[in-house]
Amino acid sequence: MYVEGGHPLAFLFARSAPQAGHCIDKANKTVLKQNQRKAKVDSHRPLEPFLTAFLMGPDKNLTETEVVSKIYPFWTYSYLVLLFPVFLATDYLRYKPVIIVQAVSFIVTYALLLKAENVGTMQLLECFFGLATATEVAYYSYIYSVVEPSHFQRVTGFCRSVTLLGSAIGSLIGQILVSVAQVPLFYLGIITLVSFCIGFVASCFLPMPSKSLFFHQRERSSQDEGALEPMNCSQLIEKPEEPESKIQLSADERTTLKDNTSSSGLLAVLKMLWSDFLECYSSSTLLAWSVWWALSTCGYIQVINYAQPLWEKILPSKDFEIYNGYVETISTLLGAFAAFVVGFVKVSWAVWGELALCIFSVVIAVCVYLMDTIRNIWVCYTSYMLFRATYMLLITIATYQIAANLSMKRYALVFGVNTFIALFLETLLTVIVVDSAGLGLDIFVQFLIYASYFAAIAVIFFIAGLYKLFKRRGSGGQNELTSTETVPEA
């Protein structure tokens, strides 16, 4: 199951407004604190670093084939099927009901996990976990519906920090309880279940928003309208990298947004989404970064999902002490640090973006290859931490490059589409490589394929980078940028 703290759409709307210039009002501070408490509780999952060990250990006695090829794939399938309908339902129901559904789904997932004894029940709980993961987008969407646009960036930083902190603390506590206190994994499951029950109670007390992004709109103030425009160069970056990457709302679109003060119909929303989809992906710059985002996220989630079975194969938890909790804690903090540091790096991504993606994709491919071939648990742990840190660094850059010049609605659309494509590719990979209905390959062969997958991504962007450099040189450097860009922290 996917252990990463945060939804793939966790950056939803985050960069589409200027930085806050004054304090958040008292009412919004209260809402923010409530959401932060819920996020911290929900991300506190001490069992997750030991999930595979729990399933294959004396508590469940499942085999590697049952866990890897028959149970885990159901999360991917359910997540893909539910992502788009949940995305629309989240907006239509105005977030809070979906947040409650998410909390209930997590409770059902871990209740079944503690009680289930057969593969069929485990597959059912994976479906509930897929629902819980798909509905995580409601949490971030809810926050942006109850605070003003000028506070989006600050609020996102708070909530993202709390989520990562909760995930790291949960993993660390789980490891300490296992290694020091010798607590059985079953009781870690109970602690995780209690955390989700507390999160459910907290979600019931959240106020109901009066508006949403697509279906329930209100007359926008001048401040809101400013959020619909691309950011100016004094807010976050010195200058947009390429004119073609700047996707603005036309006057007719702004008029439509202003006039649409009542609930929009489903067909109208779908028509608007399709029109925006065609216009957004007509930008070659946005398309290039989106392609890397979707391809790499597919491979990243696949490696995260099946890293524990690989570690279990190399160092069985039945015979040796494992340190998965420490590894998840350190890798989470390293990833957060990498995402923070990249905010201070000045690089002309319009010129060097593709080659940078190529180089770091090679690093990721090497990490996965070492995990597969060396078969030493310490090499695996180290490679895994470097793998996650590199991905989070790159995904921060890609997220900003995609989102910096989009309106809020188009931001939501583009990242929704990119996530759906990533999950679709992951589903194909799972069906062919992992699922027992497909090839059902050994875990070592799977990771060799994942390493080759990232190597193929590196080749694609190496060719794209060379093509762009030769094209710029052939045009006499007319498109060369005179300024560099600073990518804000994640």
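Calculation notes
Residues numbered from 1 in each chain as written. Predicted model: local features only at pLDDT ≥ 70, side-chain atom pairs only at ≥ 80, totals over all residues. Heavy atoms only, no water. Phe/Tyr/Trp six-rings, centres within 6.5 Å; stacked < 30°, edge-to-face > 60°. Helix = DSSP H or I, 4+ residues; strand = E, 2+ residues; numbered from the N terminus. Buried < 20%, exposed > 50% of the residue type's maximum accessible area, 1.4 Å probe, protein only. Patch = residues over 30% accessible without salt bridge, like charges linked within 9 Å, V, L, I, M, F, W, Y side chains within 5 Å. Areas by Shrake-Rupley, 256 points an atom, 1.4 Å probe, with all protein chains shown as cover. Salt bridge = Lys/Arg side-chain N within 4 Å of Asp/Glu carboxyl O.

Looking at this structure, I do not really get the packing of aromatic side chains. What am I missing?
Aromatic rings considered in pairs are described by the distance between their centres and by the relative angle of their planes. Tallied over the entire structure, the rule returns 19 aromatic pairs. Consider the rings of W311 and Y384, whose centres lie 4.9 Å apart with planes at 85°: the pair is edge-to-face. Here W311, found in helix 13 (residues 284–314), pairs with Y384, found in helix 16 (residues 377–403); they are 73 residues apart in sequence, far enough to count as distant. According to the relative accessible area criterion, W311 is buried, its value standing at 2%. Considering the side-chain rings of F387 and F454, the 6.0 Å spacing of their centres and the 80° angle between planes classify their relative orientation as edge-to-face. Pair noted here: F387 is in helix 16 and F454 is in helix 18 (residues 443–474), with a separation of 67 residues, a long-range link. For the pair formed by F387 and F454, the shared burial category is buried. Grouping aromatic residues by their ring pairs yields a cluster made of W75, Y79, F106, Y110, F129 and F196.

Mind showing me how you'd approach a nonpolar patch on the surface here?
A cluster of nonpolar side chains, F84, L266, L267, L270, F420, I421, F424, L428, V431, I432 and L439, forms an exposed patch at the surface whose accessible area comes to about 1,000 Å². Those elements that place two or more of their residues in the nonpolar patch are helix 12 (266–280) and helix 17 (408–434). Sort the elements by how many residues they give to the nonpolar patch and helix 17 lands first, with six residues. As for its position among the elements, L428 is in helix 17.

Even after reading the chapter, I still don't get unusual backbone geometry, so can you show me in this structure?
Leaving glycine aside, a negative phi is the common case for residues, and trans is the common case for peptide bonds. Although it is not a glycine, Q182 sits at a positive phi angle of roughly 55°. Its place among the elements puts Q182 in the loop between helix 8 (152–179) and helix 9 (185–204). Backbone geometry at R375 places phi at a positive 60°, although glycine is not the residue there. Judged by its relative accessible area of 45%, R375 falls in the partly exposed class.

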